[in-house]
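So you can see what is in the structure, the chains are spelled out below.
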Amino acid sequence: MSEKISFFAYNELINEDHFKKMGFEHIEKVTVTLSAQRIVFNRLPPKGEDLEGQGLPNIEPTPDNAGMMEGVLYEMEDILLPKLDEFHGYPKECNRKLMDLNRHDFNVVRGIVYFAQPDKIGRKLKPNKAMMKIFRNSRKEFSMLYFARLMNTRTCD
């Protein structure tokens, strides 16, 4: 029998339709926050898949260790870990580690979090409109304030 893993989605996989379209399945899904971190769009896209100035979602610490970012924690079968690794480009494009996440019932859970390798981070990058549309279609996963701030992100196209 396979084990279960928990995976923190803050990128396009936060959208359940997109999650399933990419061939993933979950057992349970819950919204969570990651303290002292923020979403940024500074990850370089794979060659040939980028627009000029385009950045993919990434995580970075907040400057003052305050604040938090929101996302979804998917509980899934561990047999999907290699597929998650491939999707995120682990280990060449991204690192992964277990981090503490806060459920909205104030319980702390641990989940796998992917973030860009240092040499895969660019400067002054922005998401494209297609990425923001995926986030817009996921608004039920976010608090109103977080969603409003996310939707104010400028795009590269």
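Structure: above.
Keep in mind it's a predicted model, so treat the numbers as computed, not measured. Residue numbering note: each chain is counted from 1, following its sequence as written. Note on the predicted model: pLDDT of at least 70 is required for a residue's local features to be given, and 80 or more for side-chain atom pairs to be given and counted; whole-chain, interface and lining totals, by contrast, use all residues. For the side-chain quantities, the full set of heavy atoms in the structure was used; hydrogens and water were omitted.

> Explain the nonpolar core here, please?
Nonpolar side chains in soluble globular proteins tend to end up buried together. The nonpolar core is taken to be a set of buried Ala, Val, Leu, Ile, Met, Phe, Trp, Tyr and Cys residues, with the residues joined through side-chain atoms within 4.5 Å. Exposure classes here rest on a 1.4 Å probe applied to the protein chains alone. A residue is buried below 20% of its type maximum, exposed above 50%, and partly exposed in between. Grouped together as the largest cluster of nonpolar side chains are 37 residues, with contacts concentrated most on Phe8, Met76 and Phe135. Going along the chain from the N terminus, every DSSP run of H or I of four or more residues is numbered as a helix, and every run of E of two or more is numbered as a strand. Looking at this core, the element that brings in the most residues is strand β5 (residues 68-77), giving 5 residues. A contact between two residues is defined here by any heavy atoms of the two lying within 4.5 Å. Apart from the residues lying within four places of it in its own chain, the contact partners of Phe8 are Val32, Leu34, Ile59, Met69, Glu70, Gly71, Val72, Leu73, Leu101, Ile112 and Val113.

> I tried to follow helix α3 (residues 129-136) on my own but got confused; where do I start?
Because an α-helix completes one turn every 3.6 residues, residues spaced three or four positions apart along the sequence face the same direction. Burial in α3 covers these residues: Met131, Met132 and Phe135. Down the axis of α3, the buried set is contained in an arc of 95°. They therefore lie on one face. Where α3 is buried, its residues meet β3 (37-43), β4 (56-61) and α4 (144-151). The arc in question is the one spanned by the directions pointing from the helix axis to the C-beta atoms.

> What am I meant to see in the pairing of β5 here?
Sheet faces and side chains relate simply in a regular strand, where the side chains alternate between the two faces. In terms of residue burial, β5 counts as a mostly covered element, since 7 of its 10 residues are buried. We treat two strands as partners when DSSP finds at least two bridges between them. The sheet contact formed by strand β1 (residues 4-9) and β5 spans 6 bridges and is antiparallel. Within the sheet, the bridge partner assigned to Phe7 lies in β5 and is Tyr74. One ladder, built from 8 bridges, connects strand β2 (residues 28-35) with β5; its direction is antiparallel. Of the residues in β5, the one forming a bridge with Glu28 is Glu75.

> When you look at unusual backbone geometry in this model, what are you seeing that I'm missing?
Note: most residues except glycine have negative phi, and most peptide bonds are trans. The omega angle of the peptide bond from Tyr90 to Pro91 is 5°, so this bond is cis rather than trans. Locating Pro91 in the fold gives a position in the loop between α2 (81-88) and β6 (94-103). The phi dihedral of Asn65 is positive, around 60°, even though this residue is not glycine. Take Asn65: it is sitting in the loop between β4 and β5. The exposure class of Asn65 is exposed, given its relative accessible area of 59%. Although it is not a glycine, Phe106 sits at a positive phi angle of roughly 75°. With respect to the helices, strands and loops of the structure, Phe106 is situated in the loop between β6 and β7 (108-116). Phe106 sits in the exposed class, given a relative accessible area of 76%.

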